[in-house]
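A structural walkthrough
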Amino acid sequence: QVQLVESGGGLVQPGGSLRLSCAASGSIRSIIAMGWYRQAPGKQRELVATITSGGRPNYADSVKGRFTISRDNARNTVDLQMNSLKSEDMAVYYCNAAIVTELGYSLQYWGQGTQVTVSS
């Protein structure tokens, strides 16, 4: 079994900052990529940022220059530093990981989601 546990969501004013963290644990041989997605009410889940095991990031255009994704391969964690938050960033944020399990299966896993609310 593999689990992704997120933390760090909450309420922030426009222009403020939040940091999300996600830790993967369980039957993990290796993690190919980790990332963050978000889903606002009435909208589809969308990619926010991903990062490969080699540290190469990829960002949605809407967050470039404001969000930074980072990863600690030794701890199997991924963080998302979110600066200059806007009302349109408000959503449930989900951690995602592409994992090779100890049995050799390559599977996608999701966290339970953490709410980010941007409001004055």
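Here is a short report on the structure shown in this document.

Our next topic: the nonpolar core. Residues Trp36, Leu80, Met82, Tyr93 and Ile99 are the most contacted members of the largest nonpolar core, which totals 32 residues. Ignoring any residue separated from it by four or fewer positions in sequence, one finds Ile99 in contact with Val2, Leu4, Ala24, Ile28, Ser30, Ile31, Tyr105, Ser106, Leu107 and Tyr109.

All right, on to the sheet that holds strand S1 (residues 2-7) then. Pairing within the open sheet is antiparallel, and its 4 strands lie in the order S1-S3-S8-S7. Each of the sheet's edge strands pairs with one partner strand only, and the pair in question is S1 and strand S7 (67-72). In this sheet, adjacent strand axes meet at a mean angle of 15° when their direction is disregarded. The pairing of S1 with strand S3 (residues 18-26) spans 6 bridges and is classified as antiparallel. What sits directly across from Leu4, in S3, is Ala24.

Time to look at the pattern of salt bridges. Scanning all chains against the criterion turns up 6 salt bridges. In this structure, the salt-bridge partner of Arg66 is Asp89, at a minimum N-O distance of 2.7 Å. Here the residue Arg66 occupies a position in the loop between strand S6 (57-59) and S7, and Asp89 occupies one in the loop between strand S8 (77-82) and strand S9 (91-101), the gap between them amounting to 23 residues. Here the two residues Arg66 and Asp89 agree in accessibility, since each one is buried. With a shortest N-O distance of 3.7 Å, Arg75 and Asp72 are connected by a salt bridge. The class of Arg75 is exposed, set by a relative accessible area of 56%. Overlapping salt bridges, with partners in common, bring together Arg38, Glu46, Arg66 and Asp89 in one network.

With respect to the helices and strands, the residue Gln39 is situated in strand S4 (residues 28-39). In this structure the C-alpha to C-alpha distance between Gln39 and Gly113, which are 74 residues apart in sequence, comes to 9.4 Å. Excluding anything up to four places from it in sequence, Gln39 contacts Gln44, Arg45, Ala91, Val92 and Tyr94. Among the polar contacts made by the side chain of Gln39, one reaches the main-chain carbonyl oxygen of Lys43 at a distance of 3.1 Å.

Our focus in this paragraph is the state of the cysteines. For the coordinates displayed, the defined rule picks out 1 disulfide. Covalently, Cys22 is tied to Cys95 through a disulfide, its sulfur atoms 2.1 Å apart. Looking along the S-S bond of the Cys22-Cys95 disulfide, the torsion reads about -80°, which is the left-handed sense. Within this pair, whereas Cys22 is found in strand S3, its partner Cys95 is found in strand S9, the two being separated by 73 residues in sequence.

So, how was this worked out
Residues numbered from 1 in each chain as written. Predicted model: local features only at pLDDT ≥ 70, side-chain atom pairs only at ≥ 80, totals over all residues. Heavy atoms only, no water. Core = buried A, V, L, I, M, F, W, Y, C linked by side-chain atoms within 4.5 Å. Buried < 20%, exposed > 50% of the residue type's maximum accessible area, 1.4 Å probe, protein only. Contact = heavy atoms within 4.5 Å. Pairing = 2+ DSSP bridges. Helix = DSSP H or I, 4+ residues; strand = E, 2+ residues; numbered from the N terminus. Axes fitted to C-alpha atoms, helices over the stretch in contact; angles between N-to-C directions. Salt bridge = Lys/Arg side-chain N within 4 Å of Asp/Glu carboxyl O. Polar contact = N/O pair within 3.5 Å; in protein donor to acceptor, adjacent residues only side chain to side chain. Disulfide = S-S within 2.5 Å.

Bear in mind that shape data such as this cannot, by itself, settle questions of function.
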